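# Structural features, examined
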Amino acid sequence: MRGVLSRLITWLSNRRANSATLGNSRTKGRVGSGMTNIHSGEKYTEEELRERLTPEQFQVTQHAGTERGFSGEYWDVWDDGSYHCVVCDEELFKSETKFDAQCGWPSFDRAIDPSKVSEIEDRTLGMRRVESVCGNCGAHLGHIFPDGPTETGDRFCMNSASLAFKPAAGTES
Ligand SMILES: [Zn+2]
C-alpha cells in the first residue's frame, strides 16, 4: 500500500510540474475573468450553454459533475471514430485509445494530443486527484488516474456527458 501511495504522489508531482503553467493560468483566468463561474465561461455564456446542452451535460461540463457509472452513452461503445468535446467540438480522443476499464465510464489511455486535455489538481472530496478539462474551452471531462493497463500507464476516466462521438468516415450506417 505504501508503495502504491508513494508512486501516486510521485506521479502527481510530475503531473503538476508538466502542467503547472497551463493549470495556473487557467485557474487565474477562471477566477479573475469576472465572467460566470462556469468551466467554459471564458468562451461561452451560461445562457447559451444551458440552451444547447442537456441538464446533465451542463452539470458535468460546467460544474465538474460526474454521471452515474454505466448510465452514460459511451461507456460501452466500441465503434471506430473520435470523441469530441460536447461543448466546443474539439477532437479529444480516438476510439483506438479507448479501453474497457469496467468502471462504467468511457476510458482512454491518452488524448489525441497532450495539448487537447489540460490537467488540474483536484483536492475536492478529501482526495487528491487530477481533473481533466478540455484544452480549448475548459469544459470538465473527468479525471486521470495512474493505473492504466497500457504502456501510457494513464487512465483517462471521462464522462459520456462531456463527449460527442463522431463515427469514422465510411462507418456511419
Ligand atoms: Zn471544449
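Please refer to the structure higher up on the page.
Summarised in this report is the structure supplied together with it. Note that the structure is a prediction, hence the values are computed from the model and not measured. (Residues numbered from 1 in each chain as written. Predicted model: local features only at pLDDT ≥ 70, side-chain atom pairs only at ≥ 80, totals over all residues.)

## Considerations on the nonpolar core
Counting 29 residues, the largest nonpolar core has Cys-85, Val-87, Leu-92, Cys-134, Ala-139 and Met-158 as the members making the most contacts within it. Elements supplying a minimum of two residues to this core: strand S1 (81-85), strand S2 (91-94), strand S5 (117-122), strand S6 (129-134), strand S7 (140-145) and strand S8 (155-158). Residues within four places of Leu-92 in sequence aside, it is in contact with Tyr-83, His-84, Cys-85, Ala-111, Ile-112, Lys-116, Val-117 and Cys-134. (Core = buried A, V, L, I, M, F, W, Y, C linked by C-beta atoms within 7 Å. Buried ≥ 20, exposed ≤ 12 C-beta atoms within 10 Å, placed from the backbone. Helix = DSSP H or I, 4+ residues; strand = E, 2+ residues; numbered from the N terminus. Contact = placed C-beta atoms within 7 Å.)

## Focus on unusual backbone geometry
Despite not being glycine, Phe-70 shows a phi value in the positive range, around 65°. Along the chain, Phe-70 turns up in the loop between helix H3 (55-63) and S1. Here Phe-70 falls in the exposed class, since 11 other C-beta atoms lie within 10 Å of it. A positive phi angle, close to 60°, is found at Leu-125, a residue other than glycine. Relative to the assigned elements, Leu-125 resides in the loop between S5 and S6.

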